Every structure is written in C-alpha cells, then in structure tokens.
Amino acid sequence: MDFGDINKLANILKPKEDDSDCEDDQPTTESAKLGPGSIGQSKSQSNPDDKKIKELSKLMKQDTGKDIWDEETIPEGSQLDDINDPRSQPEYTIVYKQAVTSEDMFLGMGNKTPATSSCEDMVVKVSLPDVKSAELNLDVTDTYLDVRTLKYKLGLHLPHAVDSKNGKASFDGDKCTLTVALRMKREYDFMNF
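### Let's talk about the overall build of the chain
Moving on, step 1. When helices and strands are counted, the chain shows four helices and seven strands.
Moving on, step 2. Ordered by position from N to C terminus, the α and β elements of the chain give α-α-β-α-β-β-β-β-β-β-α.
Moving on, step 3. Across the 193 residues of the chain, 19% fall into the buried class.
Moving on, step 4. Here the analysis covers contacts within the chain between residues at least 6 apart in sequence; of these, 59% occur between residues at least 24 apart.
Moving on, step 5. Taken as a whole, the chain presents about 15,700 Å² of accessible surface, with 53% of it coming from carbon and sulfur.

Laid out in structure tokens, this is it:
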C-alpha cells in the first residue's frame, strides 16, 4: 500500500466539504455559522474600563505583607489548639433551646418549629468528673468555647455564632457538670422569631 492509496482511502472515509451530498451538513445563514467563540465582545473591540479593572485587580493581588493567611481565614480559637497537650477531652453535648408559649403548643399560631432554626439558645453541657469549680477556667468568644482544668481541656468551635457577653454558666458539683447557656446570633434570626 503506497501513499496514494492512503489518500484515496481517507477521501472515501471523510469526503471534502464541497462533495457533501446532504444540504443539512452546510450552514445556510450567518446565524447558523455562529459558534461558542462568537458569544460576547470580540477581542478587537475593547472596553475603556477594562484597563482600569485590570489595574485594580493587580493592586488587589499584590502582597502587602509576609503573612500567609488573612485574619479572616484563621478560625477563632485555633491559637489555643495544642496537639501535644496530654490532657484528655471531656465528654460534652450541645442542646438547642427555644422559648415556647401556649399559643405555639396548643393553638399552632406561632411560627415555631422543632427545627434548630427556631431555637434561640445553645446549651453546652460538659462532663468534668473529679473536678472542683475552683479548678475550672472558662473562656467564651462568639465562635469558640474553651474549658480548661488540670485534667481536661476542651476547645470547641461552636456551630453557630453566639452572644459571648450575655451567656450564663453554672457548675453542678454533685454531677460534676458544667452547663453553659448562650444566646445565638444568626444572620436570619429576624425571620424565625
């Protein structure tokens, strides 16, 4: 088989566009000839604002310091994480609490549901066996709860933002349980209450 035979075979398998027997193969109008590359502004036409946008994006991308991460990227409380700390993590539970009236219970007139979106408070219960209240160190921020004793260490990233200034904490010495009640601050709470 020589080179001429290969060309003849290629022409049989894929004929040239001029030799097409079917009229449907050829575009008939200008709009039919458009493809994905035809969408939008052509590169020859440029918007005068494009140069300004490119300059602004370059300025935004410039590194102003030697920091690897922004402060917003690092979760709150991560500075307290210590993987080499030998203290164990205590058992804890997170329970959601809502204020329910008789209208909500019996008449169904309120917009409360059993879902956590209708809850106003978050209650964190931490079991701390063999711990006295004097040994307890509690720190609460809007997104992080930190409980430390001589035996235990709990660093908990809270599932919802809370009002850290107005929380309530109590320690039950008989059950060795710390209870922290925190009012949640969520973006769309005005719709749920």
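From this point on, the discussion continues.
### A word on the sheet that holds strand S4 (residues 144-148)
Moving on, step 1. A sheet is described by the order of its strands in space; here three strands give the open sequence S3-S4-S5, paired in antiparallel fashion. In this open sheet, the two strands that pair with only one neighbour each are strand S3 (137-140) and strand S5 (153-157). Within this sheet the neighbouring strands show an average axis-to-axis angle of 5°, counted without direction.
Moving on, step 2. The pairing of S3 with S4 spans four bridges and is antiparallel. Paired with asparagine 137 across the two strands is arginine 148, which belongs to S4.

### Focus on the pairing of strand S2 (residues 121-127)
Moving on, step 1. Burial analysis of S2 places five of its seven residues in the buried class, which makes it a mostly covered element.
Moving on, step 2. By the bridge criterion, six bridges tie strand S1 (residues 92-97) to S2 in an arrangement that is antiparallel. By the bridge assignment, tyrosine 96 is partnered in S2 with methionine 122.
Moving on, step 3. Where S2 lies against strand S7 (residues 177-183), seven bridges are found, and the strand directions are antiparallel. By the bridge assignment, methionine 122 is partnered in S7 with leucine 182.

### A look at the nonpolar core
Moving on, step 1. Within the largest apolar cluster, 18 residues are counted, with the highest numbers of intra-cluster contacts made by Val124, Leu128, Leu145, Leu158 and Leu182.
Moving on, step 2. Every residue in contact with leucine 182, bar those within four places of it in the chain, is listed here: Glu120, Asp121, Met122, Val140, Leu145, Leu158, Val162 and Gly167.

### Regarding the confidence of the model for the chain
Moving on, step 1. For the chain, the mean per-residue pLDDT works out to 76, and 59% of the residues sit at or above 70.
Moving on, step 2. By mean pLDDT, the top-scoring element of the chain is S7 (94), and the lowest-scoring one is helix H4 (residues 189-192) (61).

### A short note on the sheet that holds strand S6 (residues 168-172)
Moving on, step 1. Pairing is antiparallel in the open sheet, where four strands are placed in the order S1-S2-S7-S6. Edge positions in the sheet fall to S1 and S6, since each of these pairs with one other strand and no more. Strand-to-strand twist across the sheet, computed as the mean angle between neighbouring axes with direction ignored, equals 15°.

Criteria and cut-off values
- Sequence order as written defines residue numbering, which begins from 1 separately in each chain.
- Local features in this predicted model are restricted to residues of pLDDT 70 or higher, and side-chain atom pairs are both shown and tallied only at a pLDDT of 80 or more, whereas totals for entire chains, interfaces and linings draw on every residue.
- Processing note: side-chain calculations cover all non-hydrogen atoms of the structure and skip hydrogens and water entirely.
- Counting from the N terminus, the helices are DSSP H or I runs at least four residues long and the strands are E runs at least two residues long.
- The buried label goes to any residue with under 20% of its type's maximum accessible area, the exposed label to any with over 50%, and the partly exposed label to all in between, with areas taken from a 1.4 Å probe on protein chains only.
- Contacts are residue-level and defined by heavy atoms, with any inter-residue pair within 4.5 Å sufficient.
- Where accessible areas are quoted, they stem from the Shrake-Rupley method and a 1.4 Å probe; at the residue level, only the protein chains shown are allowed to cover.
- In short, DSSP must find at least two bridges between two strands for them to pair.
- Under this scheme, a helix contributes an axis fitted over its contacting stretch, all axes are lines through C-alpha atoms, and angles between N-to-C directions fall in the 0 to 180 degree range.
- For our purposes a nonpolar core is just a set of buried Ala, Val, Leu, Ile, Met, Phe, Trp, Tyr and Cys residues, chained together by side-chain atoms within 4.5 Å.
- Summary of the metric used: pLDDT quantifies the predictor's per-residue confidence within the range 0 to 100.

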